[in-house]
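For reference, the chains in residue letters:
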Amino acid sequence: MKKKLLALVLCMTACVSLFGCGGKDDSGKLPEFLYVPTFQELQLGENADFWNSDIIGTNLYYSNYEYNEETGNGTQKYYKMDLLSQEGPVELAITPSKDGEDFSGNAYLFDADDNMYIVGHVYPMMEEGVDYDVEPGIELRKVSNTNEVEFAQDITKHFASDDGWAYVQYMEMDAENNIYLAQENGVHIFDGEGAYIGYV
C-alpha cells in the first residue's frame, strides 16, 4: 500500500508540475480540468495495517492487530470506513481462520458486498500444538460477510519456490471476480470460486 500511495503522490505531483509549467496543449488553450490531491486525517486504531488495505467505491478496508495482555493472545480484526462521510470505522465480523488451525494471511481484499478473499499460509496442527518447523501450505479462501468460509482452495503447488517459502506480494480482483496473485516473477490467475486459470 505504501508503494501505491507513493506512486499516486508522484503521479499527482507530475500532473500539477506539468500544469504549472504552462499546462497548455498544442492549440494554446488551458486544460479543462485540473486534479489536485486532497488529504484528510483518519481516526483509526494505533495498530492499523494499510499494507494490504483496499478501497472499494468510497469505502476503505483495512486490518488492525489487537493484543490482549490478559490472555497473551493477539487477534487480527478487519474494518470498513466510508472515506467521504468518515463514519465508522465499522468492525467486520469476519474470521478467515477455521477452528483448530493456524492460518496466517498475507494478502486480502473485499468485494462490494463485504465478502473477503484472502490468501495465506496454513501451519499443521499437532497434538502438542502448531508445528512451525515444516513448510506451511498456501490456501486461497473466500469468507462471506456472514463469516462463512465459502471455499478454501489449496494452491500450494502453484507457488513452489527455490528456498521452500512462497509469498504473495499483491492481490487484485477484476470486474468478473477473477483473482490475481502476484509473485516476483509473474501473476497467477484464479476464478471467483478459487479454480486455477493460468499464469502470466
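Below, the structure is looked at part by part. (Residues numbered from 1 in each chain as written. Predicted model: local features only at pLDDT ≥ 70, side-chain atom pairs only at ≥ 80, totals over all residues. Heavy atoms only, no water.)

Points about the overall build of the chain
Quick reminder of the rule: Under the scheme used here, helices are H or I runs from DSSP no shorter than 4 residues and strands are E runs no shorter than 2 residues, and both carry numbers assigned from the N terminus. Each residue gets one of three labels from its accessible area relative to the maximum for its type: buried under 20%, exposed over 50%, partly exposed in between, using a 1.4 Å probe on protein chains only. Every residue pair with non-hydrogen atoms within 4.5 Å of one another is taken to be in contact. All accessible-area figures derive from a Shrake-Rupley calculation using a 1.4 Å probe, and residue coverage is judged against the displayed protein chains alone.
Scanning the chain from terminus to terminus reveals one helix and 14 strands. A buried classification covers 32% of the 200 residues belonging to the chain. The contacts in the chain between residues at least 6 apart in sequence include a share of 36% that link residues at least 24 apart. Put simply, the chain shows about 12,900 Å² of open surface, and 51% of that area lies on carbon and sulfur atoms.

What about the pattern of salt bridges?
We count it as follows: Put simply, a salt bridge is a Lys or Arg side-chain nitrogen that is within 4 Å of an Asp or Glu carboxyl oxygen.
Across all of its chains, the model carries three salt bridges by this definition. Taking the shortest distance from any N to any O, the salt bridge between Asp114 and Lys80 comes out at 2.9 Å. Of this pair, Asp114 sits in the loop between β5 (102–110) and β6 (116–123) while Lys80 is found in strand β3 (residues 73–82), placing the two residues 34 residues apart along the sequence. With its nearest N and O atoms 2.7 Å apart, the salt bridge here joins Glu139 to Arg141. Taken individually, Glu139 and Arg141 each receive the classification buried, so the pair is uniform in this respect.

Comments concerning the pairing of strand β2 (residues 59–68)
Stated formally: The pairing criterion is simple: DSSP has to find at least two bridges between the two strands.
Here five bridges tie strand β1 (residues 48–56) to β2, and the two strands are oriented antiparallel to one another. The residue bridging Ala48 from the neighbouring strand is Asn64, located in β2. Linking β1 back to β2 in an antiparallel pair, the connection comprises two residues, with Gly57 at a positive phi of about 65°.

Overview of the sheet that holds strand β12 (residues 179–183)
Formally: What counts as an axis is a line fitted to C-alpha atoms, over the stretch in contact for a helix, and the angles between N-to-C directions run from 0 to 180 degrees.
A sheet is described by the order of its strands in space; here four strands give the open sequence β11-β12-β13-β14, paired in antiparallel fashion. The sheet is open, and its two edges are formed by β11 (170–173) and β14 (196–199), each paired on a single side. The sheet shows a mean angle of 20° between the axes of neighbouring strands, direction not considered. Across three bridges, strand β13 (residues 186–190) lies against β14 in antiparallel orientation. Looking across to β14, one finds that Phe190 is bridged to Tyr196.

Considering the packing of aromatic side chains
The following threshold applies: In summary, the pairing rule links any two rings of Phe, Tyr or Trp, Trp by its six-membered ring, whose centres are within 6.5 Å, and it sorts them by plane angle into stacked for under 30 degrees, edge-to-face for over 60 and tilted for everything else.
Within the structure shown, the criterion is met by six aromatic pairs. With a centroid separation of 5.6 Å and an interplanar angle of 20°, the aromatic rings of Tyr62 and Tyr79 are classed as stacked. Remark: Tyr79 occurs in strand β3 and Tyr62 occurs in strand β2; sequence separation between them is 17 residues. Among the residues examined, Tyr62 registers a relative accessible area of 1% and is labelled buried. Judged by its relative accessible area of 11%, Tyr79 is buried.

Points about a nonpolar patch on the surface
Threshold: Each patch groups residues whose relative accessible area exceeds 30% and which form no salt bridge, using 9 Å between like charges and 5 Å between nonpolar side chains of Val, Leu, Ile, Met, Phe, Trp and Tyr.
Taken together, the side chains of Trp51, Tyr167 and Tyr170 present a nonpolar region at the surface, about 280 Å² in accessible area. Of note, Tyr170 is situated in strand β11.

Describing the pairing of strand β10 (residues 149–154)
Bridging between strand β9 (residues 137–143) and β10 involves five bridges; their strand directions are antiparallel. Bridge pairing links Arg141 to Ala152 in β10.

Overview of the side chain of Asn106
By secondary structure assignment, the location of Asn106 is in strand β5. The exposure class of Asn106 is buried, given its relative accessible area of 7%. Apart from the residues lying within four places of it in its own chain, the contact partners of Asn106 are Asn52, Val119, Gly120, His121, Tyr167 and Val168.

Observations concerning the sheet that holds β10
Reading across from one edge, β5-β6-β9-β10 is the order of the four strands in this open sheet, with antiparallel pairing throughout. Every interior strand has two partners, whereas the edge strands, β5 and β10, have only one. Geometrically, the sheet is characterised by an average inter-axis angle of 25° between neighbouring strands, direction not taken into account.

Notes on the environment of Ile118
Tracing the backbone shows Ile118 in strand β6. Put simply, Ile118 and Ala152 are 34 residues apart on the chain and 9.4 Å apart in space, counted from C-alpha to C-alpha. Those residues in contact with Ile118 that sit more than four places away from it in its chain are Tyr78, Pro96, Phe103, Gly105, Ala107, Tyr108, Glu139, Leu140, Arg141 and Met171.

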